[in-house]
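Topology and contacts: notes
The primary structure of each chain is shown beneath.
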Amino acid sequence: MNVAAKSAEVIEFQWTESASLSRYFRRIAPQARQTLIAHDVLSQRWRRRFKSEKSTAARIFYFGRYVFTVLAERRRFASVDTILVFSDKDAGLVRNLYRSADVRVVSPPLMEDGMLEARSQASSKNSRCILFTGAMSRPENDEGIRWFADEIWRDVKAEIPDCRLVIAGAGPSPELLNFSETHHDVLVTGRVDDLAPFYRDADVFISPMFNGAGVKFKNIIAMLWGLPILSTAIGAEGIGSEDLYLAVTDDRNVFRETLLRALRNRDIRHGVAAKAKAWAFATYGDEQFAKQLQDIYLAPAGEGRSHS
């Protein structure tokens with residue numbers, strides 16, 4: 001590794017934690033430009049967790065994590081030359097932590113085979129399918145879909161009896177598995193090799209997120225597959241404007257009524273989905289990503305940085 005690093009022009013760190021190695025690489029490759037890919041601004045996650053907790057012990061624990069993470073992120077952001085993030089929202093968070101940061105926003109390519117042709121024709125099936133995807137071992141995903149299951153699902157089933165709910169992703173909690181076992185129209189898949197069949201079969205994608213940080217790429221992938229999305233504010237943050245969604249709301253009643261209206265009306269679903277899909281293709285295609293990287297890596301690094 002040392003031999004390769006000594007001759008490198010660019011050293012790239014994936015995830016903020018890995019930038020703790022910046023000082024080491026400065027010693028062996030002082031000429032290399034260091035770039036950090038900050039997938040999340042982690043301090044935002046812990047701040048939200050602190051604010052959402054009810055017990056005093058949990059609030060103290062998460063406040064400590066928040067303070068520790070703020071200090072660590074500020075130090076790591078200061079150690080590298082350029083920071084790449086995936087939304088303007090995260091760019092602002094980085095600058096709040098380290099004002100001198102040379103931070104750039106990139107939109108990674110998310111195209112998959114079949115997306116271009118997906119949903120060119122309206123679905124002719126009678127039943128309706130709601131989809132949620134994510135790493136279910138992450139607390140924010142488990143909490144979000146369990147909120148939907150507890151607060152929304154029963155009412156939706158009462159109004160649209162043939163509706164189905166699919167929850168796809170690795171590591172579902174025992175509570176979520178039990179919910180699936182007691183509801184024949186709810187499928188919790190666990191880990192799957194390919195999510196494409198679930199996107200093709202779904203009618204509405206939901207993103208009921210109340211915690212977490214960073215861009216929820218599952219939403220963008222759903223857009224690219226031609227699915228209309230109903231989201232909470234945290235689920236949608238950093239991803240386009242509200243008119244790309246069926247609704248962006250944290251209100252239980254608005255969420256439920258919007259979902260029912262969309263499931264009953266194909267034109268509503270396809271109108272929103274078509275607009276979102278066009279935006280997502282323009283923003284997250286291969287060509288624009290290549291141009292963004294050229295602009296970043298062929299341009300001079302930000303000035304005024306100190307690595308002493």
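First things first, this report covers the structure right here in the doc. As the structure is a prediction and not an experimental result, all values here were calculated from the model. (Residues numbered from 1 in each chain as written. Predicted model: local features only at pLDDT ≥ 70, side-chain atom pairs only at ≥ 80, totals over all residues. Heavy atoms only, no water.)

1. A closer look at the pairing of strand E5 (residues 129-133)
Judged by how many residues are buried, E5 sits mostly within the fold: five of five residues are covered. Both faces of E5 are covered, namely the face carrying Cys129, Leu131 and Thr133 and the face carrying Ile130 and Phe132. Pairing analysis gives five bridges linking E5 to strand E6 (residues 164-168), with the strands arranged parallel. Within E6, the residue paired with Leu131 across the bridge is Val166. Handedness of the crossover joining E5 and E6 through helix H6 (residues 139-159) is recorded here as right-handed. Bridge count between E5 and strand E8 (residues 204-207): two bridges; the pairing is parallel. Bridge pairing in E8 links Ile130 to Val204. (Buried < 20%, exposed > 50% of the residue type's maximum accessible area, 1.4 Å probe, protein only. Helix = DSSP H or I, 4+ residues; strand = E, 2+ residues; numbered from the N terminus. Pairing = 2+ DSSP bridges. Right-handed = clockwise from strand over helix to strand, strands pointing away.)

2. Some words on unusual backbone geometry
One non-glycine residue, Trp15, adopts positive backbone phi at about 75°. As for its position among the elements, Trp15 is in the loop between strand E1 (10-14) and helix H2 (22-28).

3. Section: the sheet that holds strand E9 (residues 229-231)
One open sheet holds the six strands; their spatial order is E7-E6-E5-E8-E9-E10, and the pairing between them is parallel. Two strands lie at the open edges of the sheet, namely strand E7 (186-188) and strand E10 (247-248), each paired on one side alone. Pairing geometry for E9 and E10, over two bridges, is parallel. Bridging across to E10, Ser231 finds its partner in Val248. Together, E5, E6, E7 and E8 form the strand contacts of H6, whose direction differs from that of E5 by roughly 165°. Contacts from helix H7 (residues 174-181) reach E6 and E7 within the one sheet, and its direction differs from that of E7 by about 145°. (Contact = heavy atoms within 4.5 Å. Axes fitted to C-alpha atoms, helices over the stretch in contact; angles between N-to-C directions.)

4. Side note on the packing of H6 against helix H11 (residues 252-264)
Between H6 and H11, whose axes approach to 10 Å, the crossing angle comes to 40°. Viewed along their axes, H6 and H11 adopt a mutual orientation that is oblique. Taken as a pair, H6 and H11 cross one another with a handedness that is right-handed. Each of Trp147, Phe148, Glu151, Ile152, Asp155, Val156 and Glu159 in H6 lies in contact with H11, whose residues at this interface are Arg252, Phe255, Arg256, Leu259, Leu260, Leu263 and Arg264. Considered class by class, the residues forming the contact of H6 with H11 number eight nonpolar, no polar and six charged. (Parallel < 35°, antiparallel > 145°, perpendicular 65-115°, else oblique. Left-handed = near helix turned anticlockwise from the far one by under 90°. Nonpolar A, V, L, I, M, F, W, Y, C, P; charged D, E, K, R; others polar.)

5. A word on the packing of aromatic side chains
This structure, assessed with the given rule, holds 14 aromatic pairs. Summarising the aromatic geometry, the rings of Phe61 and Tyr62 are spaced 5.0 Å apart at their centres and angled 75° between planes, so their arrangement reads as edge-to-face. Phe61 gets classed as partly exposed once you look at its relative accessible area, which sits at 47%. Taking the relative accessible area as the measure of exposure, Tyr62 reaches 18% and is therefore buried. An angle of 65° between the planes, with centres 6.2 Å apart, marks the rings of Phe148 and Phe255 as edge-to-face. With Phe148 in helix H6 and Phe255 in helix H11, this pair connects stretches of sequence that are 107 residues apart. No difference in accessibility class separates Phe148 from Phe255, as the two residues are buried. An aromatic cluster of at least three residues, connected via ring pairs, comprises Trp147, Phe148, Trp153, Phe210 and Phe255. When the ring centre of Tyr62 is taken as reference, the NZ or CZ atom of Arg49 above it lies at 5.9 Å. Cation over ring: Arg65 sits above Trp46, and NZ or CZ is 4.0 Å from the ring centre. (Phe/Tyr/Trp six-rings, centres within 6.5 Å; stacked < 30°, edge-to-face > 60°. Lys NZ or Arg CZ within 6 Å of the ring centre and 35° of its normal.)

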